[in-house]
Structures are given as C-alpha cells and as structure tokens.
Amino acid sequence: MARFEKTPAQQHALELLQSPARHILLFGGSRSGKTFILIYALLVRALKAPGSRHAVLRYHGNGARYAVGFDTLPKVMALAFPGLKIDYIKSDNFFRLPNSSEIWLGGLDADERADRILGREFATIYFNECSEIPYSGITTALTRLAQKSGLKNRAYYDCNPSGRSHWSYKLFIEKVEPESRRPLAMPGNYVSMLMNPADNSVNLPEGYIENTLGSLSDRQRNRFLKGLWQDDSSNSLWTQELIDRSRVSDVPADLEQLVIGVDPAVTGSSSSDLTGIVAAGRSSNGEYYVLEDASLQSSPMIWARTVEHLYSKYAADRVVSEVNQGGDLIEMALRNVAPDIPYKAVRATRGKLLRAEPVAALYEQNKVHHVGFFPELEDEMCSYRGLDSQSSPDRLDALVWALTELSSRKNSALMPILA
C-alpha cells in the first residue's frame, strides 16, 4: 500500500489548522487536495478525543454523503489510516469510529435544515463547498459547534472561490461581518489559505492541469485552475452581448435531439412560484438552440399541460425536470396529463451557480443560439450572480437542465471538475 505523504501545501494547511484560529478556510482550484487534508485533520481530531462528534455539511445532504462520506473519507482512511475500521450507521447517516467518536453527514438546504443533525453538538463542523451554502445556513449550523470534548471547537471551510460579494470573501479576506459589513471583533479567528492544483500535481492524472483545466473558459480557469476570487463586475455568468452575438432568427432543420427543461413550482396554487419551462435542441454539428421560454405561474395541472403542449409542438425526445422539492409529485402531474411522455427526473446535488457554469461556458464558445428574443429569460440570466439574497431563477434553472441534458455527452470533460 502506498505511503501517505503530504504535499508541502497540505503540510502548511495542517499547520494553519492547528493555529489559534477557530475558523479556517482552504480555497483554490479544483483537485488541489483541500477536501482530502480537511478530512484527514477531522479524523485526527476524532481519534484524539473519544466520544467526540464531528459534522461534514454541504448545502445538499446527498453531496456530503456521496462526495465525502462514500468517496473522500474512504480514500483518506485507506491511505492515511490503513486498518482503521469504522461503522456506517445508515439510519442516522453517520460513521462511528472504534473510540465511539462520530462523523455526521448532512445538508443545510431548506429541506434538511431541521434534520436531526442540528439537534446535536459538535467539536468540529466542516462546511464542504461552502460557496454553495447561504450565510444563514452557516450561522445556524455554528450554533451547534458547542461540544465539550477536550478539543478546541473549530469550523473548517473549503471552496473554489466565487465572487468578491460572497460571504466567504467578506469574512475571510476582507475580515468584515458579511451582513453588517462591520470589522470583525476578532479577525485573528478567521484565517485562510490558497491551494491550487499545481500544489497537488503529484496526485493528479497526467494532463489534468494542462488539458482538462487548461481548456476551460477564462472565467473557469481563473476559478478552477488559479483559484482566484472573481471581481463583482465579472461575477455574472452571462451578458447581453454574449447572448446577442450568437442569436439567430430561424430554427435549423438538422436538430437531432430536443428536450423540455422544467423547474417546477410545487405549492399547488396559481399564486405559487414561477414554473420554468424551456425548450431547447441540439443540431448534428453540436450547436445548441433555445427554442422557447414557456415559463408561467400556475397550478401543477396548468404547467403540466403547457409542458405537454411544448413537447408535442417540437416533437421533443423527453422532458427533464428537477425533483428536489416535488419528488414523485412532479412526475405524477405530468402523467395525469400525458401518461406516455418520456420523462427524466434530475436531482440537484450542487448549488445553482456551479450547475450553470458549464452551460455558460457553451455560450462563451458561441455554441448556444437563442432563436428569437426571450426578454424575461435573458434578464434572469444576465442578472444572476449566485448571491444568497437573490430569488430562485426559475427560467434559468429550466434552461440549465435542458442544455445540461443535451450537452452531457458532448461536455464530458467538464464533469470531473464539478463532481
């Protein structure tokens, strides 16, 4: 078995994690070793204090379970703690170590915030991919950083840096309270460190940095390769100029696949949130066309009929719908209207901004064409910056689901970055 040898950057990170600071952020590019070394440090703490509890939290609990609990955690154990046996308690979603310490996994979105995980106290809380988590979720979870275990209670954070308006930049870089913008009373409690893929090159596949990361758009390279915080002026994924330069007036004759993307409102009344409904297609030469924005505010029966109408109008191949909040009710609404309609349910495990970035990259490559004008959709695209304070972009979500489905095989090189 290979020996666990820390990179110089990981060794520096461990020194920072043992500093007097209570809050430590590791930020930087993709696959730079941030998550690995934070899980390593968390395990060291759990083994040091028998009976201690530690939480790994993401915005969506599924992300914490699969990306960390069933991927990174076993890899760290196999490499750094060979022979260590831990039990997974599926009913409560935590791992129990031989010394009775526990590592809990959970989410902080609206569906999971009242989960049983926040009914316990922890010695460590690790906010994985914290750029996806609203600040309100962070402050709620930090109230549970209160276990008396003999350890100094600490909060760990990591992220691929987003915009300078994000709470993580304000808290760790500007050293101001994100909501009041007042200087932190104890700025030394918040420390951060940049870690980039080049720091972890010995552990990466050959060509990953040069070919996979090097082929990204400028914005994505700055984030996933260089680990740079984005200026507010460049923090919007789309501009009107970007959309206009590839606009066309006619639907091409060689569309080989068409889908209807749906971001459903599920409250069940005509006064509910908007249901995003967008039709899009892909041509034989790999170009993408946005055909229609049929989003509306309505009951499930009405929006389901609208989806069925759009499906028939364009002879689409399938309907793709997010089911994070509505679950089986989404498919039931569609089946009541069109029992035989081809349907694919998709579940978001990452934040909206990260889901949208590969789609924005297609626009930057002039591969996405709006057939005509869609003012409300385009306004939503150009104004969305991924801020906690922004309302959910329903039209944009439907567009992203449709283009993601169409481009999933064409853009497979982007998937390891966002996995």
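Residues numbered from 1 in each chain as written. Predicted model: local features only at pLDDT ≥ 70, side-chain atom pairs only at ≥ 80, totals over all residues. Heavy atoms only, no water.

Caption draft 1: Region of the structure containing the overall build of the protein chain. Looking only at helices and strands, the protein chain has 14 helices and 14 strands in total. Relative to its 419 residues, the protein chain shows a buried fraction of 58%. A fraction of 72% describes how many contacts in the protein chain between residues 6 or more apart in sequence connect residues 24 or more apart. For the protein chain, the accessible surface area stands at approximately 18100 Å², while carbon and sulfur atoms represent 49% of it. (Helix = DSSP H or I, 4+ residues; strand = E, 2+ residues; numbered from the N terminus. Buried < 20%, exposed > 50% of the residue type's maximum accessible area, 1.4 Å probe, protein only. Contact = heavy atoms within 4.5 Å. Areas by Shrake-Rupley, 256 points an atom, 1.4 Å probe, with all protein chains shown as cover.)

Caption draft 2: Structural context of the pattern of salt bridges. Applying the stated criterion to the full structure yields 13 salt bridges. Note that K313 is salt-bridged to E292, the shortest N-O span being 2.7 Å. Separated by 21 residues along the polypeptide, K313 in helix α9 (residues 300-313) and E292 in strand β11 (residues 288-293) bring together distant segments of the chain. Under the relative-accessibility criterion, E292 is labelled buried at 19%. Several salt bridges share partner residues, and in doing so they unite D244, R247 and E378 into one network. (Salt bridge = Lys/Arg side-chain N within 4 Å of Asp/Glu carboxyl O.)

Caption draft 3: Local environment of the pairing of strand β1 (residues 23-27). Of all the five residues making up β1, five are buried; the element is thus mostly covered by neighbouring parts of the structure. Residues H23, L25 and F27 line one face of β1 and the alternating positions I24 and L26 line the opposite face, and both faces are buried. As paired elements, β1 and strand β8 (residues 190-194) share five bridges and run parallel to each other. Pairing of L25 across the sheet is with S192, part of β8. When β1 meets strand β7 (residues 154-159), the two strands line up parallel, connected through five bridges. Along β7, the bridge assignment pairs F27 with C159. (Pairing = 2+ DSSP bridges.)

Caption draft 4: How the structure looks around the confidence of the model for the protein chain. Averaged over all residues, the pLDDT of the protein chain is 86; the fraction at 70 or higher stands at 88%. Under a pLDDT of 50 for its full length, residues 268-272 has, in the predicted model, twelve contacts with residues more than four places off or in other chains. Under a pLDDT of 50 for its full length, residues 412-419 has, in the predicted model, 15 contacts with residues more than four places off or in other chains. (pLDDT = per-residue confidence, 0-100.)

Caption draft 5: Representation of the packing of aromatic side chains. For the structure shown, the criterion picks out 14 aromatic pairs. Here Y66 and F70 contribute two aromatic rings whose centre-to-centre distance is 5.6 Å and whose plane-to-plane angle is 70°, an arrangement assigned as edge-to-face. With Y66 and F70 both in helix α3 (residues 61-80) and four residues apart, the pair spans about one turn of that helix. We classify Y66 as exposed; its relative accessible area is 52%. Ring plane angle 20° and centroid distance 4.5 Å describe the contact between F94 and W104, whose orientation is recorded as stacked. Here W104 lies in strand β5 (residues 102-107) and F94 lies in strand β4 (residues 94-96), a separation of ten residues in the sequence. With respect to class, F94 is no different from W104; both count as buried. Among the aromatic side chains, those forming a connected cluster through ring pairs are F127, Y135, Y157, W167, F172 and Y190. It is R31 that lies over the ring of Y208; its NZ or CZ is 5.2 Å from the centre. (Phe/Tyr/Trp six-rings, centres within 6.5 Å; stacked < 30°, edge-to-face > 60°. Lys NZ or Arg CZ within 6 Å of the ring centre and 35° of its normal.)

Caption draft 6: Focus on the side chain of T306. Inspection of the secondary structure assignment puts T306 in helix α9. Excluding residues within four positions of it along the chain, T306 makes contact with I277, A294 and L296.

Caption draft 7: Structural detail: empty space enclosed by the protein. Enumeration according to the criterion identifies four cavities of 30 Å³ or more in this entry. A volume near 50 Å³ is recorded for the largest cavity. Counting only elements with at least two residues in the lining of the largest cavity, the list comes to α11 (352-364) and α13 (394-407). In terms of residue count, the dominant contributor to the lining of the largest cavity is α13 (four residues). (1 Å grid on protein atoms, 1.4 Å probe; cavity = no way out; pocket = protein on both sides within 12 Å on 5 of 7 lines; lining within 4 Å. Points joined across faces, edges and corners; volume = space filled by probe spheres on them.)

Caption draft 8: Up close: α13. The terminal C-alpha atoms of α13, which comprises 14 residues, lie 20 Å apart, in line with the 20 Å expected from a rise of 1.5 Å per residue. By the criterion of burial, α13 is predominantly enclosed, with 13 of the 14 residues buried. (Expected span 1.5 Å × (residues − 1).)

Caption draft 9: Quick look at the environment of Y169. Relative to the assigned elements, Y169 resides in helix α5 (residues 167-172). According to the relative accessible area criterion, Y169 is buried, its value standing at 10%. It is 9.9 Å that separates the C-alpha atoms of Y169 and S192, two residues lying 23 residues apart in sequence. Look past the residues within four positions of Y169 in its chain and what remains in contact with it is G163, R164, E174 and W229.

Caption draft 10: Representation of the sheet that holds strand β13 (residues 343-346) in the model. If you trace the six strands from one edge of the open sheet to the other, you get β13-β12-β9-β10-β11-β14, paired in mixed fashion. Of all strands in the sheet, those with a lone pairing partner are β13 and β14 (368-370), marking the two edges. Ignoring which end each strand starts from, the neighbouring axes of this sheet average 25° apart. (Axes fitted to C-alpha atoms, helices over the stretch in contact; angles between N-to-C directions.)

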